[in-house]
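# Working through the structure, step by step
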Amino acid sequence: MDLSRAAAEACDATDPLAGFRGRFAGAGTDGLLYLDGNSLGRMPAATPAALARAVEEEWGRGLVGSWREWIGQAGRVGDLLATGVLGARPGEVLVCDSTTVDLYKLLVAAADARPGRDVLVCCADDFPTDRYVVAGVAQARGMTVREVPADLDEGLDPAVLAGALDERVAVVVLSAVAYRSGALADVAATTRAAREVGALVVWDLSHAAGAVPVDLAANGVDLAVGCTYKYLNGGPGAPAFLYVRRELQEQLRQPIWGWFGQRDQFAMGRAYDPVPGIERFAVGTPPVLATVAVEVGAGLVAEAGVDRLAAKGRALGGLVVALADAWLAPHGVALASPRDPARRGSHVTLTHPRAWQLTQALVDRGVVPDFRTPDRVRLGLPPLYTRFTDVWDAMDRLREVLATGAHEGYPDVRARVT
Ligand SMILES: *Cc1c(COP(=O)(O)O)cnc(C)c1O
């Protein structure tokens, strides 16, 4: 592999997605090498105007009459995600609440649908909120949690997971892309293995949606949740999405019985009687303004196409790995992600004993990665607006920091947000 900057420039010159970069605020003008779009994606340039329109026209002038539009928004943006991003069918995705709350709703609904079973399975290295929700639901219902160990770098071994599956298992909660390493799960095979013992899987797509194809229909996925502020660029605190396979919707009932899931909502009926479709998973008044930004972000991903995004993400990750091997390994940096590009999402993680200090030194040099415990620098490579030369320049600055020992002057004590 040609590791020159000229080779990276040549990749940018032929990148079919290059035109999307200009559609994000700051990309190309703020000078930042922003490698943290898997934590908070950049702002689409069209978002402020879309928000201003919603505020000034729909709220400011339309007032309560705008609910005629707003009432269908969660499902409409859900359909955009379903068909443009997630490989699902219209009517299977709803934008609502946060990932944590949606996970809770689907986990309880799924556990209720498997009466007599007393075990929940999750991955010991999954994102904390997922493990906490599983633990909380288990405690409330008197169930047991089986936390399956996973390799911090390679992700969950399907054989290890298989060993935790039996007829006692009601629900399995897993991430399609591991937040720490970027390791990709085999969604289809895992869903099948769980189904063979009669269990349901709730997939967390937070680090997958907009980065890799998740093909929910083709992979036979029953239930999923994910956030929209990472690769979908919906903005801070943007509502999450949930997916329930159409055939399952009427069999499931979520635990928060709110009026937005109610049949003939404005009849103000006495008893809860949820609608048959995906909207039975809605709870209360939705975040209309925030969902406007989700629509813009998801629209860009749908326009670019998930297959093209994933291909570019793999190529960007490949460049990180090659440069890390060539330049950084002699300084004690090792790869903490799967080496095989087919087993990675769109971020790559490196480990070094001084990872927190390296992260701070990079931020001072215009490179924004993030730090993840215990000793990792995580490089997010959102394919919509990350160039090959951005990766090359960021790695070059990291090489420079390591070579000069510039990171050693930074505090060892971690900040509250890393
Ligand atoms: C980012 C992320 C979340 C975020 O949950 P919130 O409720 O939006 O804070 C949850 N799970 C995973 C796997 C994530 O990566």
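Residues numbered from 1 in each chain as written. Predicted model: local features only at pLDDT ≥ 70, side-chain atom pairs only at ≥ 80, totals over all residues. Heavy atoms only, no water.

## Regarding the sheet that holds strand S3 (residues 119-123)
We count it as follows: Pairing between strands is defined by DSSP: at least two bridges between them are needed. The helix and strand labels rest on DSSP assignments: H or I over at least four residues marks a helix, E over at least two residues marks a strand, and numbering proceeds from the N terminus. Lines fitted to the C-alpha atoms define the axes, with helices restricted to the stretch that makes contact. Angles between their N-to-C directions range from 0 to 180 degrees. For this analysis, residues touch if any pair of their heavy atoms sits within 4.5 Å.
The seven strands lie next to each other as S2-S8-S7-S6-S5-S3-S4, forming an open sheet whose pairing is mixed. Unpaired on one side and paired on the other, strand S2 (93-96) and strand S4 (144-148) mark the two borders of the sheet. Going across the sheet, the axis of each strand differs from the next one's by a mean of 20°, ignoring polarity. Each of S2 and strand S8 (240-244) touches helix H4 (residues 73-86); the most contacted strand, S2, lies at about 125° to it.

## A short note on the pattern of salt bridges
Here is the rule we go by: Salt bridges are identified by distance alone: a Lys or Arg side-chain nitrogen within 4 Å of an Asp or Glu carboxyl oxygen. Any residue under 20% of the maximum accessible area for its type is buried, any over 50% is exposed, and the rest in between are partly exposed; the area is computed with a 1.4 Å probe on protein chains only.
Within the structure shown, the criterion is met by 29 salt bridges. Between Arg-21 and Asp-390 there is a salt bridge, and its shortest N-O distance comes to 3.2 Å. Of this pair, Arg-21 sits in the loop between helix H1 (5-13) and strand S1 (33-34) while Asp-390 sits in helix H13 (residues 388-404), placing them 369 residues apart in sequence. One exposure class covers both Arg-21 and Asp-390, and it is buried. Between Arg-376 and Asp-153 there is a salt bridge whose closest N-O contact spans 2.4 Å.

## Focus on the side chain of Arg-180
Our working definition: Pairing of N or O atoms within 3.5 Å defines a polar contact, subject to two protein rules: one partner must be a possible hydrogen donor and the other a possible acceptor, and residues neighboring in sequence count only if both atoms are side-chain atoms.
Secondary-structure assignment places Arg-180 in the loop between strand S5 (169-175) and helix H8 (187-196). Reaching out from Arg-180, the side chain makes a polar contact with the side chain of Tyr-179 at a distance of 3.3 Å. Only 2.4 Å separates the side chain of Arg-180 from the backbone oxygen of Thr-373, close enough to count as a polar contact. Once residues lying within four places of it in the same chain are set aside, the contact partners of Arg-180 are Asp-125, Leu-152, His-347, Thr-349, Thr-373, Pro-374, Arg-376 and Arg-378.

## What to know about unusual backbone geometry
The step from Thr-373 to Pro-374 runs through a cis peptide bond, and the omega angle for that step is -5°. Within the fold, Pro-374 resides in the loop between strand S12 (370-372) and strand S13 (376-380). Positive phi outside glycine occurs at Leu-63, with the angle close to 45°. As for its position among the elements, Leu-63 is in the loop between helix H2 (47-61) and helix H3 (67-70). With phi around 40°, Asp-215 is a residue other than glycine that occupies positive phi space. Structurally, Asp-215 can be placed in the loop between strand S6 (200-204) and strand S7 (223-226). Note on Asp-215: relative accessible area 36%, which makes it partly exposed.

## Focus: helix H6 (residues 128-141)
The condition that has to hold: By this rule the span expected of a helix is its residue count minus one, scaled by 1.5 Å.
Over its 14 residues, H6 extends 20 Å from the first C-alpha to the last, a length consistent with the 20 Å expected when each residue adds 1.5 Å. In this fold, the buried residues of H6 make contact with helix H5 (99-112), S3, S4, S5 and S6. Positive backbone phi, at 65°, marks Gly-142, one or two positions downstream of H6.

## Some remarks on the side chain of Glu-92
Tracing the backbone shows Glu-92 in the loop between H4 and S2. Looking at Glu-92, the relative accessible area reads 0%, which means it is buried. From its side chain, Glu-92 meets the backbone nitrogen of Arg-246 in a polar contact 2.9 Å long. Leaving out residues up to four positions away in the same chain, Glu-92 has contacts with Leu-242, Tyr-243, Val-244, Arg-245, Arg-246, Gln-249 and Ile-278.

## As for the packing of helix H11 (residues 306-328) against H13
Operational definition: The cut-offs work like this: below 35 degrees is roughly parallel, past 145 is roughly antiparallel, 65 to 115 is roughly perpendicular, and the gaps in between are oblique. Should the near helix be turned anticlockwise from the far one by less than a right angle, the crossing is left-handed, and should it be turned clockwise, the crossing is right-handed. Throughout this entry, Asp, Glu, Lys and Arg are counted as charged residues, while Ala, Val, Leu, Ile, Met, Phe, Trp, Tyr, Cys and Pro are counted as nonpolar. The remaining residues, Gly among them, count as polar.
Where H11 contacts H13, the two axes come as close as 10 Å, and the packing angle between them is 25°. By the criterion of interaxial angle, the relationship of H11 to H13 is roughly parallel. In this structure, H11 meets H13 at a crossing whose hand is right-handed. Residues Lys-312, Ala-315, Leu-316, Leu-319, Val-320, Leu-323, Ala-324, Trp-327 and Leu-328 of H11 touch H13, and the partners they reach there are Phe-388, Val-391, Trp-392, Met-395, Asp-396, Leu-398, Arg-399 and Leu-402. A breakdown of the residues in the contact of H11 with H13 according to their chemical character gives 14 nonpolar, no polar and three charged.

## Describing the domain arrangement of the protein
Quick reminder of the rule: Just so you know, the domain bounds were taken from an automatic or database domain assignment. By buried area we mean how much accessible surface two parts lose on assembly, using a 1.4 Å probe and totalling the loss over both.
What the domain assignment lists for the protein is domain 1 (5-45 + 305-409) and domain 2 (71-304). Placing the centre of domain 1 and that of domain 2 at their C-alpha centroids yields a distance of 28 Å. Taken together, the contact pairs 38 residues of domain 1 with 31 residues of domain 2. When domain 1 packs against domain 2, close to 2,700 Å² is buried across both sides, 54% of that on carbon and sulfur atoms.

## Comments concerning the site of the ligand
Short version of the rule: Proximity is defined per residue: if any heavy atom of the residue lies within 4 Å of a molecule or strand, that residue is considered near it. Shrake-Rupley sampling with a 1.4 Å probe provides the accessible areas, and residues are treated as covered by the protein chains on show and by no other component.
Near the ligand there are 13 residues, and of these Thr-100, Asp-130, Asp-204, Tyr-229 and Lys-230 occur at the shortest range. Contact distances for the ligand include 2.6 Å between an oxygen atom and a side-chain N or O atom of Lys-230. Look at the ligand: alone it shows 380 Å² of surface, and the protein chains cover 86% of it. For the shell around the ligand, the secondary-structure elements that each account for two or more residues are H5 and H6. Considering only residue class, the shell around the ligand consists of three nonpolar, seven polar and three charged.

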